[in-house]
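Coordinate inspection notes
Here are the chains, one letter per residue:
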Amino acid sequence: MALSQPHRPSALKQQNKKHRTLGHRSKGSITKSSKGRITQKILSKKIVKELSREQRKNKSKQIRALKQETVALRKQGLGTASNPPFLVTVVPLSPNINPRKILGILAACDEAAVTTTSPQGIMHISSPRFRQRFSFVVPPVNDLYAILDSLKVSDTLMLLWPGDEEVGDAADLLLSSILAQGLPAAVHIVAGIEDMAQKKKHHARQNLTKEIELRFPGPAKLHGLERRQDALLVLRQIGAQKQRPLFFRDNRPHIIAENVEFHEEGSTGTLKVHGYIRGRVLSVNGLVHIPGWGDYQMSRIVVSHDPHPLERHSRGKEASMECVESRVLEANPDLQEKLTSTNEVDPMEGEQTWPTEEELEEAEQRSVTSKSRSKRVPKGTSDYQAAWIIDSDEEGGDDEDETESEMDDGFAPVDNVSQDGYECQDGDGDDEDNEEYDTVTVTDAEGVNYDEKVDYGAEMDALQKLRSAREDAMFPDEIDTPQDIPARVRFQKFRGLQSFRTSAWDPNENLPVDYSKIFQFEHFQHTKKRVISEERQGAELGWYVVVHIADVPRHLYDNHVASRSPLAVFGLLPHEQKMSIVNIVIKSHSLGHFRAIKSKERLVFHMGYRRFANAPIFSEHSTGNKHKFFRYFHPGSTVVATMFAPITFPPASVLVFRERPDGAQDLVGTGSLLSVDPKRIVTKRVVLSGHPFKVNRKSAVIRYMFFNREDVMWFKPVELRTKWGRRGHIKEPLGTHGHMKCQFDGQLKSQDTVLLNLYKRVFPKWTFDPYVARPPPLYTFKSSHDIDDDSSCEQSTGEQQPPLKKAKIVKFFSSRQ
C-alpha cells in the first residue's frame, strides 16, 4: 500500500493570523519584534509632543495648584479690609420667625465687633477676631420678588428653619424658586426651639436635618443659636465656607444698594445708588440694569469713603482712601453705550434691488403679451373699460389669501368644528372671552343665589381649553380636513418633507418684518468669549461708590420706597441691551404646573438678572436643525421656549411663572438659557388622516383625507405613512369626491390609519414686556395682643407693624381641581 503524502498548501493559500497568547507584551519584546521600525501612529504622537509619565504628573500637579490658588484668591476677595464684605441674605421659612432677633444674637456674640446699619436696613458686622466683614440683608418676609432679587447678588443664603412647625406651601415655593435661580453658599439655622424640652428639641433637629439633606446638595449642617459659641460658629462658617459660583453674577459688576437718593429733573431724575462694587470692574461708559426697572445709562461714578471699615485696618487705609475719595469718573458721550435695543427698519431695504437691463426687457415682453391677451367682457365695453375688468379666476385670490393667513395665524372663526365638537383648524390664537364679570359678595345662606356667583362663560372657555389640550395629547398634530375650504388653499403655506431630519430648509426664507429689528451675531460663541475675557477700566472691585443713574422715572423710585425691598444694580456686558431671538429650555415643575399651557400664552420669566413677561412659542428640545412646534406645554414635559428678548450671554438660570386672574403666580417651569439664535427653525406639523376603503395587498383605496379630485392631485408628490409603520405614495385619484388609490411598501391592514404630514415654519410674536407687576404677598397676618416687642416683623409695606405671634399662610398657587 502506498504511503499517504501530507497536504502542502500552495503559495496562494490564505495565511491566517496566529492566535494571540495570553499575557501582556513587554516594551522590550515589542521593540525586538519591530526591529527598529516606527509605525505611523507613533510618529503622529511625536508630532503632537506626547508627554511622558513624569511630565503628565507634573502637568496635573500644576493644574491642581492653579485651581487651589484660584479658590484661595476667591476666598480672599471677600470680607477683608480692601474687599467688599460677605453679603448674606436672611430668609425665614415661617412668618413667625423674627430675623432681626437672629441678627441681634449674631451681632452680640463678638464683643470686639463693630455693628453699623445702612439707611436701606443692611446690618454690617466688622469682626477683628476673624478679620472679616459681614453684611446682612433682610428682605420682606412675604415678598417673593424681593427675596429673589436679593439672592441674585448675595454670597451666602442664611435660612431660618422653624423648629416647632412644618414647612408650608409658601416655603416650598420659596425654596424651589431659590434652587432654580441659583443657590449661593447656604447656612442653616433652626429657630424657635429654645423653650422646648430636650427630647422634643432633639427630635425637631433630626427632622430638619433630614429635610435639608433631601432639598440641598452636600452634607447637612444645622446650627442653633442657644449659646454664644454657636453664633461664633455661624460667623466662622460664613467666612470660611466654599463659595458657589454663579455665572450671571460673577461675570458682571453688581451692587446692592446701601443708600438710595433721587433728584427729580422733570418727569425723570437721577438715581444715586451707594454701595460696594462686586463681581467685576464697573465702567462708567457702560449700561446698568435694575431688575424690574429696565436698562439705564450712568452719568458719573463717585468713589467715596468706606462707611463700614474693618477697625483693625481702618487706620492704615485712611491715607489711601483720601486719595481714592476724590476720584470722579465721568461718562464720555463718544464712548458711552447707547440704549438702542432695535434696528431701524427701512421698508425699502431687504431683498429689493434695482432692476437690471435683462429684467426690464423681460418686463416689457410681459407687458406686450398681457396687452394682446383676450378677455371676455360684456357687449359694448370699450378697450379702456375692459382693462379694468378682473377675470373671474382672479377675483377670489385676495380673499382666499387673507382667509388662509388669518387661519394660519390663529384668527380663524370658531364655527369651523368637527362632529366631535373640537376645532378643526390648528390656530394658535387664544379664543378667550374678553368680557369681564363683577362678582358681588352677599351674606345669604349657603347655596342661595349660587349661579350669580359663578362665571359660567369663563368655565366654558376653560373647558374648551382642557378638551383641546387633551385632544392634542391623544392625537398630536392630527386635524380634520376642512370640507368647506379646499385643502390646497387651507394648507397652501405648508410643505411636504421627504425627511424631517435631512431635508434642506433655508433659515432666511420668508422672515417676518420683526426679524429686521433684531440683532444677530455671526459667531455667537466667539463673541461671548471675547466679551467675557476683555478687560475694562472703571470702578475697581471693593470700592465704595455712588453711581449716578440718569433718566429714571419717578414712579419706579416711589414704588421702591413703598415696598422697602432691596435694590440690586447689575452692569451689562456689551450688546446685552439689544433685542434678538432667545431660546430657553424649560422643564415642567410639579409645584404649579398641573394644567397644559398653550403656546403664545403670557408668562413671567426670571432669566438671570432680568425679569420680564412674554408670550413664547414652544418646540421640542432636540439636536437637529429643525424642531417640531408644540401647541401645548404639557405637565411633566421639557420644551424650548422661543421669544423676542434682550441678548443675554449664557449660562443663565430661568424661572417661569404663570399669572392668574387675581394677580397670583404659579411656578410652572424651571430651566436655563439655551442660545441666542434667530436661525432656529421651528416647524408646525399638520397631520391629515385617511382610512382604507378597499385593500388589495400593497394597494389600497383611501378616503376621508380629501374631498375633491384637485386636492388629491395637489398633494400627490407628498409621501404617505401609516400608524403601523407602512410607507407609500398616491398613485391616482378615483372619482370626484376625494377617493385615491395608494401604493405602500407592505401589506396594509384594514384597521390602519393613513397619514400625510405637512410642515410650516412658525415665528414668535413681539410680546416682550419689561415691567411685571409684583404678586400678592406670601402670607397674611392676623391681629395679636400682648406680644413682646422683639417678636415684631417688618411687612412688605415697609412700615413697622405691631408685634405678631401667629400668621396665616396663603397658598401662592391654586388648587389642582
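Here we summarise the structure given alongside this text. Here the structure is a predicted model, which means the values were calculated and not measured. For every chain, the first residue of its written sequence is number 1, and the numbers climb from 1 along that sequence. Given that the model is predicted, a residue must reach a pLDDT of at least 70 before its local features are reported, and side-chain atom pairs must reach 80 or more before they are shown or counted; all residues, however, enter totals for whole chains, interfaces and linings. Based on all heavy atoms of the structure, the side-chain values leave hydrogens and waters out of the count.

1. Section: the packing of helix 5 (residues 144–151) against helix 6 (residues 169–181)
Fitting a line to C-alpha atoms yields each axis, with helices limited to the stretch in contact; the angle taken between N-to-C directions then spans 0 to 180 degrees. Secondary structure elements are taken from DSSP: a helix is a run of H or I of four residues or more, a strand is a run of E of two residues or more, and numbering for both begins at the N terminus. Direction vectors running N to C along helix 5 and helix 6 enclose 30°, while the axes themselves pass 11 Å from each other. With respect to helix 6, the element helix 5 is oriented roughly parallel. Crossing handedness for the pair helix 5 and helix 6: right-handed. Contacts from Leu144, Ile147, Leu148 and Leu151 of helix 5 reach helix 6 at Leu173, Leu174, Ser177, Ile178 and Gln181. Oblique is the label for any angle not under 35 degrees, not over 145, and not in the 65 to 115 range, which are roughly parallel, roughly antiparallel and roughly perpendicular in turn. It is the rotation of the near helix from the far one that decides the hand of a crossing: anticlockwise by less than a right angle makes it left-handed, clockwise makes it right-handed. Contacts are assigned to residue pairs with any non-hydrogen atoms lying within 4.5 Å of each other.

2. A few points about the pairing of strand 28 (residues 699–703)
Only protein chains enter the accessibility calculation, which uses a 1.4 Å probe; a residue whose area is less than 20% of its type maximum is buried, one above 50% is exposed, and one in between is partly exposed. In terms of residue burial, strand 28 counts as a mostly covered element, since 4 of its 5 residues are buried. Note: strand 27 (residues 681–696) against strand 28, 5 bridges, orientation antiparallel. Across the sheet, residue valine 695 finds its bridge partner in strand 28, namely alanine 700. As paired strands, strand 28 and strand 31 (residues 739–744) are joined by 4 bridges and run antiparallel to one another. What sits directly across from isoleucine 702, in strand 31, is methionine 740. Pairs of strands are assigned from DSSP output, requiring at least two bridges between the strands.

3. Quick notes on the sheet that holds strand 1 (residues 86–92)
Taken in spatial order, the 7 strands make up an open sheet running 2-3-4-1-5-6-7, and their pairing is mixed. The two strands at the open ends of the sheet, each matched to only one other strand, are strand 2 (114–117) and strand 7 (222–223). As judged from the 5 bridges shared by strand 3 (residues 123–127) and strand 4 (residues 132–137), these two strands associate in the antiparallel manner. Of the residues in strand 4, the one forming a bridge with isoleucine 125 is phenylalanine 134. Of the strands in this sheet, strand 1, strand 4, strand 5 (156–162), strand 6 (185–191) and strand 7 touch helix 8 (residues 228–240), which is tilted by about 100° from strand 4.

4. Some thoughts on unusual backbone geometry
A cis amide bond links proline 650 with the next residue in sequence, proline 651, at an omega value of 5°. The residue proline 651 is located in the loop between strand 24 (638–646) and strand 25 (653–659) in this model. Within the chain, arginine 131 stands out as a residue other than glycine whose phi angle is a positive 55°. Residue position: arginine 131 is located in the loop between strand 3 and strand 4. For aspartate 551, which is not a glycine, the phi torsion comes out positive at approximately 60°. Examined against the element boundaries, aspartate 551 turns out to sit in strand 15 (residues 544–553).

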